[in-house]
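Breakdown of the fold
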Amino acid sequence: MDLFVQTLVNGLLQSGLYALVASGLALAVGVVGIVNFAHGEYLMIGAFLAWAGSAFLGVDPLLSLPVIAVAVFAIGALTYRVSIRHVLLAPELNQMLLTFGLGILLQNLALMLLGGNTRTVTTPYQASSLQLGDLSVGGPKALAFGLAALLLGALYVVLYRTTLGRQMRAVAQNRRGAQLIGIDVDRVYLIAFGVSCALAAVAGVLVSVLLFASPTVGLVFALKAFAIIVMAGLGNLTGVLWASVLLGVSEALVQTYVPGGGGWSDAVFFLMIFGTLVLRSFRGAR
Amino acid sequence: MTAATTIGGTLSPASQGAEVLRAEGLSKRFGGLKAVQDVSFTHHQGEILAVIGPNGAGKTTLLNLLSGVYRPSAGRLHLMGRDVTDQPMEARCHAGLGRAFQIVRPFPEMTVHENVTVGALFGKPGQRLPEARERAWALLERTGLAAHADKAAHELTLLQDKRLEVARALATNPSVLLLDEVMAGLRPGEAQEAVALVRGVRESGVSVLFIEHIMPVVRDLADRVVVMDQGQVLAQGTYREVTADPRVVSAYLGTEEGLQA
Amino acid sequence: MSARQAEAGAPVRAAPRREITPGAALPLLGFLLLAALFPFLPLGSRAEFLLQIAFFTLVAGIMALSWDILARSGQVSLAHAAFYGLGAYGYALLLKAGLPWLLAMPVAALLAGGVSLILGAVTMRLSGMYFAIATLAFTEVVRTIIQNLPESVAGGATGLLVPALLGGNSRAQYALAWGLLAFTVLVSLAVRLTRLHFAFAAIRQGEETARVLGVSIVRFKLLAFFISSSLAALAGVLYAGKTFFINPLETFSLANSIAPLTTSIFGGLYTTLGPVLGATVLRVAEELLHNSVKDGYLVVYGLVLMLSILWLPRGLMGLRRNRKHGGDL
């Protein structure tokens, strides 16, 4: 029983990180209407920036986090300006392939410049843990979960309580309508895409502490984020939360209870994608 | 042109023919919305049947039920004496159902001739490519598109696009042809040509079921009319009969469209 | 309308300008001829190395062309690495089971084709990004399964040794790769020149319309999957037999899904010559870059993909003639 509860808690903590990555992706899909296959690469950039700050400047990743978020927001905005903006009206296939190419480009630039090795960040609180009765929770994990929850809360406040948020939701629902009532759609897209990338980068900072930084670290998170938004329904931000929890907890259960589970848990997201897609396509109107 | 086809409002002898399409209590719900409710009618060999009704009456949903885009929530559909309710679109095509869409849907990267070849090749099982190409040519000549065979569909005028839509559906060698507002968007002169085209289709032995808003077209073309309102069949009969029906008149008045449109 | 045509006295049945003439096959024949002659060129001291590059260019050509065949039916897949890998692993395991290589090769291809039917059935009603994500995830799972099977079965994460193809004779290996590319070209032409072309193109350009016209999407989508992944598996067999050693990470690498996709788009989608030409250009560029940097040479694919989408949507084939819609092979 203790093992079971411990497993649930581990899964829940993991889901905070997933929700952070996935809500960024959901923002790009929902507001801008772009399925960003390069999403994981912004996570990778965040992870490397955190590593660089720690290794060269001695700055703790948690302190450099706000700076990194702003920097990657700018990179995201630039990406929007030079590429995404030009395919907004193109067929979905072209949009998809463009971001896919961007992802390959960024990932391999990182490989070229930094090599394929993983880089770890050392922090004083790395090995710390919290004891709650019989439960033991890794300090960084708890911290990451707390931060993710905080940021997601902030995202919801922005979306539902500010003018910018209302504009984003208006654009998401009806681009032309939003234009007609005087919303600068291009500006909203730029901000939404930038924020989407920044959220991925923040997740990347956390990943650098929890795991490591490497050129390919983003891919698996991006795949899981796709699983989550497919489960949640495209662009549905609230759905992202429960889908993240579902994925995090299922993975933890597989890890604990399936023999050799560590290797299999990375396949859980796939079953979720398939399950959801198959269910949805056969429940359709036909 | 035979006399029977030109007389509007009278029952054509053809409608006494064998049944080609029979709907029995067809219904379709979307969530709580009853888009089509308990629709029954019989379509006979060689008959031109019109389905009319105010906007939102469920005409296009009905057409989608007939062609198999949607599965009905209840009811059965018989095509050429076979129950095709559970058959997918392609099987209904093989069984003799052709359809032209309201908003033309040519294959954009194909020429006009290739578009029609697709219908000729797959409309019935076991067709061979050379023969399908030949039949496509014949249909292009029949529908007045032969001179445009090599053009891409987007180079055509709207009337030509509609001809292509009909030619492609005819290429599948249907027993029944479903036409969804083929006159929509056409200028009066063009509409006359389209009317002639539909008559020609019937003369070639194909029964026609069409949705139409333009009442003079319905009057000129239809042997029999099914009037729909709010998903249900309001009245059936000749053009003269249904337009004299007070329920039909009030349904149309209620929508400000007017029967004399 | 036909009356107007008759008045003008023009032939009503002039061959459409898109009709494919035998001459359209000349560039393809030329390419295959040049490729066949390559080992006989005076390659100098680096002959062995150049022959290896040429070998993998042929493999890339098979991959790209087989990917394109699937794409013609509107299925833009990110699962090509899975079938490449299944070919490689299937071949290795069949050899281990004692099959002669000449038999192991086609059996591995057919097995991969069989597995592709499962994926194809599941993704049947998916399109666009859903299809892409499902195929991407499929690749990851095939890799996970092979990696987590007991090491005695498929070598686990470490990998498997594979006996060298044709005793390691690189000229014979090259000849085999050439033969398989020529076979793939023939299959591609067969798809282009028969009813399959009309079925695939119709499904791609309007699935519902195609169904209304009687095109059985189940049959044709699955057929496209089967043909495409069996050919990709043949490329995987060549890879396994050439490198002696396969492991899950490299064999199922995302790069093996990206390369054929990028290559086809860059060369010219839905053609036979385009993907083959694209493979030649990109593979050589990749090798040149590979010489100067250790990692990240795939940057070429990312860049080419982005630039093609933004500025060259019809690929290299689009440069050849300014046609509104290609009648090319």
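Cut-offs applied
In every chain, residue numbers begin from 1 and rise along the written sequence. All chains are assigned letters beginning with A, and all ligands numbers beginning with 1, in the order in which they are written. Confidence filtering applies because this is a predicted model: local features only for residues at pLDDT of at least 70, side-chain atom pairs given and counted only at 80 or more, and all residues used for totals across whole chains, interfaces and linings. Excluded from the side-chain calculations are hydrogens and water; all other atoms, namely the structure's heavy atoms, are used. Numbering of helices and strands runs from the N terminus; a helix is a DSSP stretch of H or I covering at least four residues, while a strand is a stretch of E covering at least two. Here the term buried applies to any residue with accessible area under 20% of the maximum for its type, exposed to any over 50%, and partly exposed to those in between, with areas from a 1.4 Å probe on protein chains only. Only four residue types enter the charge count: Lys and Arg as positive, Asp and Glu as negative, with His and the chain ends excluded. Salt bridges are defined as contacts in which a side-chain nitrogen from Lys or Arg sits within 4 Å of a carboxyl oxygen from Asp or Glu. At least two bridges found by DSSP between two strands are what make those strands a pair. Whether two residues touch is decided by their heavy atoms; if any such pair falls within 4.5 Å, the residues are in contact. Note on geometry: axes are lines fitted to C-alpha atoms, helical ones only across the stretch in contact, with angles between N-to-C directions running from 0 to 180 degrees. Classification of ring pairs uses Phe, Tyr and Trp, with its six-membered ring standing for Trp, and accepts pairs whose centres are within 6.5 Å; under 30 degrees between planes counts as stacked, over 60 as edge-to-face, and the remaining range as tilted. Criterion for a charge above a ring: Lys NZ or Arg CZ within 6 Å of the ring centre, and within 35 degrees of the ring normal. UniProt positions are given in the numbering used here, feature names are shortened, and annotations may be inferred rather than shown by experiment.

1. Side note on the side chain of B:Glu181
Counting through the fold element by element, B:Glu181 comes out in the loop between β7 (176-180) and α7 (188-203). Here B:Glu181 sits buried without a salt bridge, and the closest side chain of opposite charge, B:Lys59, lies 5.2 Å off (N-O distance).

2. Some points on the sheet that holds strand β2 (residues 33-44) of chain B
Residues and elements named next belong to chain B. A sheet is described by the order of its strands in space; here four strands give the open sequence β2-β1-β4-β5, paired in antiparallel fashion. With partners counted over all chains shown, the strands left at the sheet margins are β2 and β5 (82-83), one partner each. Sheet topology note: the strand β1 (residues 19-30)/strand β4 (residues 74-79) ladder contains five bridges and is antiparallel. Following the sheet pairing, Glu-24 is matched in β4 by Arg-76. Lying over the sheet, helix α2 (residues 59-67) contacts β1, β2 and β4, oriented at roughly 120 degrees with respect to β1.

3. Some thoughts on the pattern of salt bridges
All chains considered together, the criterion is met by 24 salt bridges over all chains. Between B:Arg187 and B:Glu190 there is a salt bridge, with its nearest N and O atoms 3.0 Å apart. Look at B:Arg187 and you get exposed, because its relative accessible area is 58%. Residues joined in a network through salt bridges with shared partners are A:Arg81, A:Arg85 and A:Asp186.

4. Digging into the packing of aromatic side chains
A complete count under the given rule lists 16 aromatic pairs over all chains for this structure. Ring-pair connections join several aromatic residues into one group, and the members of that group are C:Phe83, C:Phe131, C:Phe138 and C:Phe225. Residue placement shows B:Arg105 over the ring face of B:Phe101; its charged tip is 3.7 Å from the ring centre.

5. Observations regarding the UniProt feature "transmembrane region" (unreviewed entry) in chain A
Residue and element names in this part refer to chain A. The residues that UniProt annotates with the feature "transmembrane region" (unreviewed entry) are residues 12-35, 42-59, 65-84, 96-115, 142-160, 188-211 and 264-282. Helix and strand shares over residues 12-35 are 88% and 0% respectively, and the end C-alpha atoms of the span are 26 Å apart. Taken end to end, residues 188-211 is 96% helix and 0% strand, and its two terminal C-alpha atoms sit 34 Å from one another.

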